[in-house]
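Tertiary structure, described
Spelled out, the chains give:
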There are 2 protein chains.
Amino acid sequence: MDIKILSRDVLIKVLEMPKVIHGVESVYKLKARGDVAAWPLVEHHFDGGAVMDIRSGGAFGNVGIHGAKLLNNFPANQDKGLPVFTGILMAFDSETGIPLGVMDASYVTSMRTGAAAAIGASALARPDSENLLLVGAGRQSIYLLGATLIKFPGIKTVRVIDAFDPENAKNYVTTIKDRLKAELGVDAQGVAIEAADNMEEAVGLSDIILTITRSTSPLIMKDWLKPGTHLSCIGADMVGKEEIDPEIFRIARCFADDAKQCCTVGEMEIPAKMGIVTPETVTGEIGEVLAGLKPGRISNDDITVFDATGLAALDLVTAKAAVIAAKEKGLGITAEI
Amino acid sequence: MDIKILSRDVLIKVLEMPKVIHGVESVYKLKARGDVAAWPLVEHHFDGGAVMDIRSGGAFGNVGIHGAKLLNNFPANQDKGLPVFTGILMAFDSETGIPLGVMDASYVTSMRTGAAAAIGASALARPDSENLLLVGAGRQSIYLLGATLIKFPGIKTVRVIDAFDPENAKNYVTTIKDRLKAELGVDAQGVAIEAADNMEEAVGLSDIILTITRSTSPLIMKDWLKPGTHLSCIGADMVGKEEIDPEIFRIARCFADDAKQCCTVGEMEIPAKMGIVTPETVTGEIGEVLAGLKPGRISNDDITVFDATGLAALDLVTAKAAVIAAKEKGLGITAEI
């Protein structure tokens, strides 16, 4: 059996964001039909603060893939000149069990996370949205921005804010258009992209807000939002992380990638602990909106929230797209196993 | 980061049974000191009878490795001309999280399982054992036989019995010496290897018995055993499988690779359900004997049993040996990830 081995460098060459978005949408829709599995998380804490986890699952139906990714986070590597984060993903055809590919997990995760933010906005934000606020100027944020600009060609202004380091946002905007073009093939020449430093003011000007920070307390308050705003909250993916005011969940139409997981480790965790939301009372899952099973936004004035915590099936559908593209382009290593 | 990709063909070239035995012994000893982890099994049953499982864990201390193997069993592949069993193993350095290798899981599993049977015999059987009975003539049995012949150069006679298909054992013995030499480098020219068909008689003649079948009822009864016999029971690795009389567990010194796992899915499962053994009352774990923490055989007349159900750490230590050997021999694919 031949499988594809794809390095990060090859993945950057073969993964195209529009195809990643398409794959992630397919998985969300399949999830609404019960055709996506997330198998139990395996997690181990090493002495010395390192952590490894194994996330596994599958998307069946017309996607037909299962597998696992093993991620390592070894903070002490910083001092050794070694990468702190490493991870490998392995993907199998779920019709036959035949292995398809083994690859670096980090770039796949970045791309599908960006796609998720954009899909949430596309399904829930006002289609005529023109003002985008990107909260977070770290490693992941370019993927959210690029994917959302693909989904919303009508965006005129992007404000970038780094609540922890305003200088970082200023540096970010100086190169972001070139990076969007080079790394994601997104032409943002017609878009004004500027750094912001007043969160309240920036929030009040925005139609779409994307959050991708490591925050553990609200950065965005309910009263700052103008009617009709959409928020895709991506940063909160473990217990204790929080980016927006829990009170927003009282007034918004709130959607999850996975309702139970979002109420356990996502942006909905704190509101759930406060009794504001439960997996049963959340408005719905994003796949239900995409599949036409539930309405997303009902009026132009609705505040909408999408909370994404990630599913192994999103990595796997992205891995499948990468394997197909690598074969077409003759890239990556083809190895017998 | 460069990792090694090792196919089954390369693994056959690089893995040497004596080194596999050494690695498996190391892990058993580490386990006795609490330095081996088996993380929760992830298992999924597909519609149509296919099963996939993910076994993960690590061996720390002087071994320093963690990882996972994902195994697929798709019976319907038989009719499609595709392999029924596929699996991939990924191994990481547990000091740094850096990936070491990705490889075919099946050959690694076969080799370490053979090693386990031999290590159990080496730790528990009489050192002057001359008569070996191999119960099972399927795909796995050559690894048990080869490893045990390495550990017991004094073996004079090997009887091979297939309780389900006597013809199979007859065919098996015609080629086994050549296969032992070619596949495992074991010279068995001085050993008489013959097929047997009377289980009771063969059992009564044997000092060491290795069982590796898919049986779900006892093939070997307590009263057939002569004093001093050792049994390494390897076939029973899931609920319902059983190769030997539960009554043997009342009279034998019984050792497990993992006491809890053996009482749940191993040869000890049925005796445990009958109240004959519990994880607490089993004589010990094999690692405790190897580490000198518990006595194995006490007298020449003891009946001893070793029940092995497998640990991910055994695959991982074998994978590490394979990566080291492949680097030394310049074999396998070195891939950037």
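The coordinates are above.
Quick notes on the rules
- Residues numbered from 1 in each chain as written.
- Chains lettered and ligands numbered in written order.
- Predicted model: local features only at pLDDT ≥ 70, side-chain atom pairs only at ≥ 80, totals over all residues.
- Heavy atoms only, no water.
- Helix = DSSP H or I, 4+ residues; strand = E, 2+ residues; numbered from the N terminus.
- Rg over C-alpha atoms; globule rule 2.2 N^0.38 Å.
- Contact = heavy atoms within 4.5 Å.
- Areas by Shrake-Rupley, 256 points an atom, 1.4 Å probe, with all protein chains shown as cover.
- Lys, Arg positive; Asp, Glu negative; His and termini not counted.
- Charge placed at Lys NZ, Arg CZ, Asp CG, Glu CD.
- Buried area = accessible area lost by both parts, 1.4 Å probe.
- Salt bridge = Lys/Arg side-chain N within 4 Å of Asp/Glu carboxyl O.
- Polar contact = N/O pair within 3.5 Å; in protein donor to acceptor, adjacent residues only side chain to side chain.
- Nonpolar A, V, L, I, M, F, W, Y, C, P; charged D, E, K, R; others polar.
- Phe/Tyr/Trp six-rings, centres within 6.5 Å; stacked < 30°, edge-to-face > 60°.
- Lys NZ or Arg CZ within 6 Å of the ring centre and 35° of its normal.
- Axes fitted to C-alpha atoms, helices over the stretch in contact; angles between N-to-C directions.
- Parallel < 35°, antiparallel > 145°, perpendicular 65-115°, else oblique.
- Left-handed = near helix turned anticlockwise from the far one by under 90°.
- Least-squares fit on C-alpha atoms with pLDDT ≥ 70 in both.
- Pairing = 2+ DSSP bridges.
- Buried < 20%, exposed > 50% of the residue type's maximum accessible area, 1.4 Å probe, protein only.

1. Some words on the overall build of chain A
Helix and strand counts for chain A come out as twelve helices and 17 strands. In summary, chain A has a C-alpha radius of gyration of 19 Å against a globular reference of 20 Å for 337 residues, a match within 12%. Pairs at least 24 apart in sequence give 72% of the contacts found in chain A among residues at least 6 apart. For chain A, the computed accessible surface area is about 12,900 Å², with 49% contributed by carbon and sulfur atoms. Of the charged side chains in chain A, 33 are positive and 44 negative; the average position of the first set lies 4 Å away from that of the second.

2. Comments concerning the interface of chain B and chain A
For an interface, size is often stated in terms of accessible area lost upon the parts coming together. Between chain B and chain A, the residue contacts involve 45 residues of the former and 44 residues of the latter. Together chain B and chain A conceal approximately 3,500 Å² of surface at their shared face, both sides included; 77% is due to carbon and sulfur atoms. The interface formed by chain B and chain A includes zero salt bridges. Inspection of the chain B/chain A interface yields twelve residue pairs in polar contact (both at pLDDT 80 or more). Of all the secondary-structure elements, those providing two or more residues to the side of chain B that touches chain A are strand E1 (2–6), helix H1 (8–14), strand E2 (36–45), strand E3 (51–59), strand E4 (65–73), strand E5 (85–93), strand E6 (99–104) and strand E17 (333–336) of chain B. Take the side of chain B that touches chain A: its biggest share by element is six residues, from E4(B). Residues belonging to the side of chain B that touches chain A are distributed by class as follows: 26 nonpolar, twelve polar and seven charged.

3. Description of the packing of aromatic side chains
Per the stated rule, a full pass over the model turns up eight aromatic pairs over all chains. With a centroid separation of 5.2 Å and 50° between ring planes, the pair formed by Phe46(B) and Phe74(B) is classed as tilted. Residue Phe46(B) is found in the loop between E2 and E3, and its partner Phe74(B) is found in the loop between E4 and E5; the two are separated by 28 residues along the sequence. Through pairs of rings, three or more aromatic residues link up here, namely Phe46(A), Phe74(A) and Phe60(B). The lysine or arginine in question, Arg214(A), covers the ring of Phe164(A), its NZ or CZ lying 4.7 Å from the ring centre.

4. As for the packing of helix H2 (residues 17–32) of chain A against helix H12 (residues 312–329) of chain A
All names here are of chain A. Running from N to C, H2 and H12 cross one another at 135°; their axes reach a closest spacing of 9 Å. Taken together, the axis directions place H2 and H12 in an arrangement best described as oblique. With respect to the hand of their crossing, H2 and H12 are arranged in right-handed fashion. The segment H2 lies against H12, with Val20, Gly23, Val24, Val27 and Tyr28 engaging Ala313, Leu314, Val317 and Thr318. For the contact of H2 with H12, the residue count by class is seven nonpolar, two polar and no charged.

5. Some thoughts on the relation of the copies chain B and chain A
You can overlay chain B on chain A at an RMSD of 0.1 Å; the transform is a turn of 179° with a shift of 0.0 Å along its axis. Within this description, the copies of the chain are treated as partners about a two-fold rotation axis. Both copies share a contact surface, since 98% of the interface residues of chain B are interface residues in chain A too.

6. Quick notes on the sheet that holds strand E14 (residues 253–256) of chain B
Residues and elements named next belong to chain B. Spatially, E9-E8-E7-E10-E12-E16-E14-E15 is the arrangement adopted by the eight strands of the open sheet, whose pairing is parallel. The open sheet terminates on both sides in strands that have one partner only, identified here as strand E9 (192–195) and strand E15 (284–285). In this structure, E14 lies alongside strand E16 (residues 304–307), joined through four bridges in parallel fashion. Within the sheet, the bridge partner assigned to Cys254 lies in E16 and is Val305. In the packing of helix H4 (residues 141–151) onto the sheet, the strands contacted are strand E7 (131–135), strand E8 (157–161) and strand E10 (208–211), and the crossing angle to E7 comes to about 165°.

7. Overview of the pairing of strand E2 (residues 36–45) of chain A
Summarising the sheet, E2(A) and strand E3 (residues 51–59) of chain A pair through eight bridges and their orientation is antiparallel. Following the sheet pairing, His45(A) is matched in E3(A) by Val51(A).

8. Focus on the sheet that holds strand E1 (residues 2–6) of chain A
Residue and element names in this part refer to chain A. Here seven strands make up an open sheet; going across it, the order is E2-E3-E4-E5-E6-E1-E17 and the pairing mixed. The outermost strands of the open sheet, each flanked by one partner alone, are E2 and strand E17 (333–336). Adjacent strand axes in the sheet meet at a mean angle of 15° when their direction is disregarded. In terms of strand pairing, strand E5 (residues 85–93) meets strand E6 (residues 99–104) through five bridges, oriented antiparallel. When the sheet's bridge partners are listed, Ile88 is paired in E6 with Asp104.

9. Concerning the packing of helix H2 (residues 17–32) of chain B against helix H3 (residues 105–124) of chain B
Each pair of packed helices can be described by the angle between their axes along with the distance between the axes. Residues and elements named next belong to chain B. Contact geometry of H2 with H3 gives a least axis separation of 9 Å together with a crossing angle of 70°. One finds that H2 runs roughly perpendicular with respect to H3. Between H2 and H3 lies a crossing whose hand is right-handed. Contacts between H2 and H3 involve Met17, Val20, Ile21, Val24, Glu25 and Tyr28 from the first element and Met111, Arg112, Ala115, Ala116 and Ile119 from the second. Its residues assigned to classes, the contact of H2 with H3 shows nine nonpolar, no polar and two charged.

10. A few points about the pattern of salt bridges
Residue and element names in this part refer to chain A. As enumerated under the stated definition, the model contains 38 salt bridges over all chains in all. Residue Glu25 is joined to Lys151 by a salt bridge in which the shortest nitrogen-to-oxygen separation is 2.7 Å. Here Glu25, found in helix H2, pairs with Lys151, found in helix H5 (residues 141–151); they are 126 residues apart in sequence, far enough to count as distant. Measuring nitrogen to oxygen at the nearest pair gives 2.7 Å for the salt bridge that ties Arg250 to Glu247. Glu247 gets classed as partly exposed once you look at its relative accessible area, which sits at 27%. One salt-bridge network, held together by shared partners, links Arg126, Asp128, Asp207 and Lys226.

11. A word on the pairing of E3(A)
All names here are of chain A. A large share of E3 lies buried, amounting to eight of its nine residues. Where E3 lies against strand E4 (residues 65–73), nine bridges are found, and the strand directions are antiparallel. Across the sheet, Ser56 pairs through a bridge with Ala68, a residue of E4. Here E3 hands over to E4 after five residues, with Gly61 in that stretch at a positive phi of 55°.

By themselves these figures say nothing about function.
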